[in-house]
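Results of the structural survey
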Number of protein chains: 2
Amino acid sequence: MGKCEQCIVREFSSFKALTKDELVHMANCKTSKTIRKGETIFSEGDTIGGVFCVKDGVCKMTKLSSNGRDQIVHLVKRGELLGQRSMISDEPANLSAVALEDMQVCFIPKSEILTFFNQNNRFSMGVMKTICGDLKQADDIMVNMAQKTVKERLALTLIYLEDTFGTNADGTLKLQLSRDEIASMIGTATESCIRLLSEFNKLGLIELVGKKIVVRQRAKLERMGE
Amino acid sequence: MGKCEQCIVREFSSFKALTKDELVHMANCKTSKTIRKGETIFSEGDTIGGVFCVKDGVCKMTKLSSNGRDQIVHLVKRGELLGQRSMISDEPANLSAVALEDMQVCFIPKSEILTFFNQNNRFSMGVMKTICGDLKQADDIMVNMAQKTVKERLALTLIYLEDTFGTNADGTLKLQLSRDEIASMIGTATESCIRLLSEFNKLGLIELVGKKIVVRQRAKLERMGE
DNA sequence: GCAAAAACATGATATATGTCATGCAATTTG
DNA sequence: CAAATTGCATGACATATATCATGTTTTTGC
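Rules used in this analysis
Residues numbered from 1 in each chain as written. Chains lettered and ligands numbered in written order. Predicted model: local features only at pLDDT ≥ 70, side-chain atom pairs only at ≥ 80, totals over all residues. Heavy atoms only, no water. Pairing = 2+ DSSP bridges. Helix = DSSP H or I, 4+ residues; strand = E, 2+ residues; numbered from the N terminus. Phe/Tyr/Trp six-rings, centres within 6.5 Å; stacked < 30°, edge-to-face > 60°. Buried < 20%, exposed > 50% of the residue type's maximum accessible area, 1.4 Å probe, protein only. Polar contact = N/O pair within 3.5 Å; in protein donor to acceptor, adjacent residues only side chain to side chain. Contact = heavy atoms within 4.5 Å. Salt bridge = Lys/Arg side-chain N within 4 Å of Asp/Glu carboxyl O.

1. Side note on the sheet that holds strand 1 (residues 31–35) of chain B
Residues and elements named next belong to chain B. If you walk across this open sheet you meet the four strands as 1-8-3-6, and the pairing is antiparallel. Looking at which strands have only one partner, the edges of the open sheet turn out to be strand 1 and strand 6 (81–82). Relative to strand 6, strand 3 (residues 50–56) is paired through two bridges, and the arrangement is antiparallel. Residue pairing for strand 6: F52 is matched across the bridge by L82.

2. Observations regarding the packing of aromatic side chains
All names here are of chain A. Using the criterion set out here, one finds 12 aromatic pairs over all chains in the structure. Note on F15 and F123: the rings are 5.7 Å apart at their centroids and 5° apart in plane angle, and the pair reads as stacked. Highlighted residues: F15 in the segment before helix 1 (20–29) and F123 in helix 4 (residues 121–147), separated in sequence by 108 residues. Classification of F15 as buried rests on a relative accessible area of 2%. Looking at F123, the relative accessible area reads 0%, which means it is buried. A connected cluster of aromatic rings, assembled from ring pairs, spans F15, F116, F117 and F123.

3. Things to note about unusual backbone geometry
Residues and elements named next belong to chain A. The residue D90 is not glycine, and still its phi comes out positive at about 60°. By secondary structure assignment, the location of D90 is in the loop between helix 2 (84–89) and strand 7 (96–99). According to the relative accessible area criterion, D90 is exposed, its value standing at 53%.

4. Here we look at the side chain of H74 of chain B
Residues and elements named next belong to chain B. Within the secondary structure, H74 is located in strand 5 (residues 70–76). Owing to a relative accessible area of 16%, H74 belongs among the buried residues under this scheme. Here the side chain of H74 touches Q137 through a polar contact of 3.2 Å, side chain to side chain. Beyond its immediate chain neighbours, meaning those up to four positions away, H74 contacts C59, K60, M61, D134 and Q137.

5. Focus on the pattern of salt bridges
Residue and element names in this part refer to chain A. Overall, the coordinates contain 24 salt bridges over all chains when judged by the stated rule. The residue K60 makes a salt bridge to E181 at a minimum N-O spacing of 3.1 Å. Taken together, the residues K60 in strand 4 (residues 59–64) and E181 in helix 6 (residues 179–186) connect sequence positions 121 residues apart. Relative accessible area serves as the criterion here: at 15%, K60 is assigned to the buried category. Overall, the relative accessible area of 16% leaves E181 in the buried class. Measuring nitrogen to oxygen at the nearest pair gives 3.0 Å for the salt bridge that ties K151 to E199.

Next comes the structure, spelled out in structure tokens:
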């Protein structure tokens, strides 16, 4: 059983506001889990009963639309928490969480988190700020979905992926998504996504190395996203 | 200067968690304002420095997209608070607020709200729940924008308007939006919105009484939205 | 290492939706 | 009250994007 006080990830999350005592207490309540790429952490409608702290790896938060297609609403990485919203609203999960890479997560039960809420104001303020950040992002994406073309959204998404998850030594995007997953982020058909990637490739905006992607002309992509 | 303790609206908002003393104190800090239909309460980018409590009337929260079109992200009615997110994130407003009807609002400065956050846990928990509700709604709308057709979105929006704002004695929707505003909610061109309304009208799903709208076959509209 | 499945790619075609143009109705303004 | 502006409505047309079809490449599982 790892010690939360020594967990590096703590520094990036709302948990950084917790005292040493609180962290020790949390370490005794938490459960660590390894999750394989492709595995589901929880599904839409599940009652979660706590939050997951992502120690390593990235997962996608998706929602199934009535047309049978999955939409990727959000990506969550190291240091972030999963399931905060459901916990606070006291509702079943609105989104599913599926690992995009092998992950290390810790589950902290709701009762524990609520205790922190009551006794540590900096902590609850931190969680609030995170959720407010998510809300702002969601509003922005909503506007993009409603007002931008698929091409524009793809351009913006590529930049987002580079900024948020970085690149490997060879310049390829660190977070490797399938064409289908990229399509599911921008809300389009897989074929359309593939076609546009080919087009960007021909224009020299990006380079396709197998299924990996290198952003070549970032400024032009940015302008394309308007 | 009205007394917050006696304000009916208080019962619908997060302020219901405040004590009598806190309400008295708030009454001394607040500023009441009348806002005319069409007037802007604040604009994207403004530093607000507090929250507005909506005592009466409805406003739209919009965001300007780079294509020059306004997108309606959210509607806010009696009892709800404006600018909570910006206040908590300590950022300028991400959205503009424009009155859709004549409004009565009270402005409460940030310092006051932060005091309540620190001393009253039920209050901060209430605000958190509201924001979590907004986040869920935003995620759901995002998926609809990405996955549903304009026709489906229009059907869902009409139902939403009926459920949220109710109907007049003659069955027309209480909240009267222009065609342009409805288009701006569902993220489409005004002409497309008008055409679909005509189509729904011909199909008997709705009835157009001048610019007012009556939902006639709610169940069919629901099914159409899937 | 091979069969099967999944992911990627591209063409042909259909269709939903945006854009431009025009006219009428309703509302505002001087 | 007339004039002007704004909102509503509809047609014609352009185009972005979805869908269907097919082939190739890559990955997976035994």
